[in-house]
Amino acid sequence: MTSITSKLPQLGTTIFTTMSALAAEVGAINLSQGFPDYDCSPKLIELVNQAMKDGHNQYAPMAGVKALRLAIASKTKKLYDAYYDIDTEITITAGGTQAIFTAITAIVHPNDEVIVFEPAFDCYAPAIKLMGGVVKSLELEPSNDYRIDWAMVKKLITNRTRLIILNSPHNPTATILHQDDIDELSAIVKTQDILILSDEVYEHLIYDGETHHSMAMYPELRERSFIIASFGKLLHATGWKIGYCLAPAYLMTEFKKVHQYLVFSVSSAVQQGIAQYLKDEDTYLNLPSFSSKSEIISEMAWLKLNLSCCHHRAHTFNL
């Protein structure tokens, strides 16, 4: 047998795979993965099915179906008053995870440092390490409601800091960024050559009248940010694995260099169906009110379990 040297020697199978398999084996309620226990819209299924019947079954353009990129640009302008060019600044991906991996691969070089807030979605650190980067972890404290301690962030900044990864609404604590967080972040990166990866896949799950502070809203942050979003969470169809990345053209150019040789493109018919479905703005504007009390309780139970798992992973692998 030929010997190999693992690039991720401390990493085993993701906890999501392990727990989902165990739940299936014993017939338990599966709280380990963030997918809903209700189906996506029948109308959406019909639209995707119709797209298949209409012949949208071959490769999509590398950047994604034009109609969907137009819908995303329109949604982003409406919600955040931010314009993204559909040809140079929007790419459709195979879910949010692929978009995150692609962005990290595109801009992290050996010995670059990346600031990650723990507990964190478990795809961040492995991607950084695969690129030879260094994970600089900052653990969010429950005593501070899992808010970011920006004084500690400043202490982590060095001349090798290349990227800060943000996640709001945060998985798994449900904490969100506030205006004072934006002000602190802006002040930190203003004079630094630091990029931002903003994981915003839960952007529409905002409650209590709060505001989602997307990086797209702030020109000084938008110009240095990859923004990652996912239709899996928005449309209750996580198995379709359709996400997207927004970034200024100079960053998207590098993103596409990796994307084209990683997956090239994703499901044509699903993209076509989603593009048609998004013509009704209520599909995303009314998502918070869609959740019933029982569904919110179910989601919070999942968040608590995921939180404990994330803490366990962070300590186990010293991320």
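## Observations regarding the nonpolar core
Part 1: Of all hydrophobic cores here, the largest spans 51 residues; its most connected members are Phe117, Ile164, Leu166, Leu185, Met215, Phe231 and Ile274.
Part 2: When near neighbours in sequence (up to four residues on either side) are disregarded, isoleucine 164 contacts Ile115, Phe117, Ile157, Leu185, Val189, Ile194, Leu195, Ile196 and Leu197.
Part 3: Ala120, Cys245, Met252 and Phe255 belong to the second largest nonpolar core, which has 28 residues in total.

## Considering the side chain of aspartate 112
Part 1: Summarising the element assignment, aspartate 112 is placed in the loop between helix 4 (95–107) and strand 2 (113–118).
Part 2: The charged side chain of aspartate 112 is buried without a salt bridge, its nearest counter-charge being arginine 162 at 4.5 Å.
Part 3: Polar contacts involving the side chain of aspartate 112 include one to the main-chain amide nitrogen of histidine 109, which spans 2.8 Å.
Part 4: Every residue in contact with aspartate 112, bar those within four places of it in the chain, is listed here: Ile107, Gly133, Val134, Arg160 and Arg162.

## Here we look at the packing of helix 2 (residues 42–53) against helix 11 (residues 268–277)
Part 1: For the pair helix 2 and helix 11, interaxial distance at closest approach is 8 Å and the crossing angle is 130°. As far as their axial angle goes, helix 11 and helix 2 are oblique. Crossing of helix 2 against helix 11: the hand is right-handed. Along its contact with helix 2, which presents Lys43, Leu44, Leu47, Val48, Ala51 and Met52, the element helix 11 presents Ala269, Val270, Gln272, Gly273, Ile274, Gln276 and Tyr277.
Part 2: The residue makeup of the contact of helix 2 with helix 11, split by class, is 9 nonpolar, 3 polar and 1 charged.

## A few points about helix 7 (residues 179–189)
Part 1: What helix 7 keeps buried is the set Asp181, Ile182, Leu185, Ser186, Ile188 and Val189. Take helix 7 and look down its axis: the buried residues cluster within an arc of 160°, on one side only.

## Some details on helix 10 (residues 249–262)
Part 1: The terminal C-alpha atoms of helix 10, which comprises 14 residues, lie 19 Å apart, in line with the 20 Å expected from a rise of 1.5 Å per residue.
Part 2: For helix 10, every residue scored as buried is listed here: Leu251, Met252, Phe255, Lys256, Val258 and His259.
Part 3: Residues of helix 10 that are buried in the fold lie against strand 1 (90–93), helix 4, strand 5 (195–199), strand 6 (225–230) and strand 7 (243–246).
Part 4: Immediately downstream of helix 10, the backbone of phenylalanine 264 shows phi near 65°, a positive value.

## A few points about the pattern of salt bridges
Part 1: Throughout the structure, instances matching the rule amount to 11 salt bridges.
Part 2: Ionic pairing is found between glutamate 113 and arginine 160, a salt bridge with its closest N-O pair at 3.8 Å. Taken together, the residues glutamate 113 in strand 2 and arginine 160 in the loop between helix 6 (150–156) and strand 4 (161–167) connect sequence positions 47 residues apart.
Part 3: With a closest N to O distance of 3.1 Å, aspartate 181 and arginine 147 form a salt bridge. Separated by 34 residues along the polypeptide, aspartate 181 in helix 7 and arginine 147 in the loop between strand 3 (134–139) and helix 6 bring together distant segments of the chain.
Part 4: A residue is classified by how much of its surface remains accessible, and arginine 147, at 23% relative accessible area, is partly exposed.
Part 5: Through salt bridges with shared partners, a single ionic network connects Glu113, Lys136 and Arg160.

## What about the pairing of strand 7?
The side chains of a regular strand alternate, first on one face of the sheet and then on the other.
Part 1: A two-sided burial pattern is seen for strand 7, the buried positions comprising Gly243 and Cys245 on one face and Tyr244 and Leu246 on the other.
Part 2: Of the strand pairs in this sheet, strand 6 and strand 7 are connected by 4 bridges, and their pairing is antiparallel. Each bridged residue has a counterpart across the sheet, and for isoleucine 227 the counterpart in strand 7 is leucine 246.

## Quick notes on the pairing of strand 5
Part 1: Among the 5 residues that make up strand 5, 5 are buried, leaving the element largely enclosed by the rest of the structure.
Part 2: Side chains of strand 5 alternate between two faces, with Leu195, Leu197 and Asp199 and Ile196 and Ser198 buried alike.
Part 3: Of the pairings in the sheet, the one linking strand 4 to strand 5 comprises 5 bridges and is parallel in character. The residue bridging asparagine 167 from the neighbouring strand is aspartate 199, located in strand 5.
Part 4: This β-α-β element, strand 4 to helix 7 to strand 5, shows right-handed connectivity.
Part 5: Two elements, strand 5 and strand 6, share 4 bridges in a ladder whose sense is parallel. Residue pairing for strand 6: aspartate 199 is matched across the bridge by isoleucine 228.

What counts as what
Residues numbered from 1 in each chain as written. Predicted model: local features only at pLDDT ≥ 70, side-chain atom pairs only at ≥ 80, totals over all residues. Heavy atoms only, no water. Core = buried A, V, L, I, M, F, W, Y, C linked by side-chain atoms within 4.5 Å. Buried < 20%, exposed > 50% of the residue type's maximum accessible area, 1.4 Å probe, protein only. Contact = heavy atoms within 4.5 Å. Helix = DSSP H or I, 4+ residues; strand = E, 2+ residues; numbered from the N terminus. Lys, Arg positive; Asp, Glu negative; His and termini not counted. Salt bridge = Lys/Arg side-chain N within 4 Å of Asp/Glu carboxyl O. Polar contact = N/O pair within 3.5 Å; in protein donor to acceptor, adjacent residues only side chain to side chain. Axes fitted to C-alpha atoms, helices over the stretch in contact; angles between N-to-C directions. Parallel < 35°, antiparallel > 145°, perpendicular 65-115°, else oblique. Left-handed = near helix turned anticlockwise from the far one by under 90°. Nonpolar A, V, L, I, M, F, W, Y, C, P; charged D, E, K, R; others polar. Arc of directions from axis to C-beta. Expected span 1.5 Å × (residues − 1). Pairing = 2+ DSSP bridges. Right-handed = clockwise from strand over helix to strand, strands pointing away.

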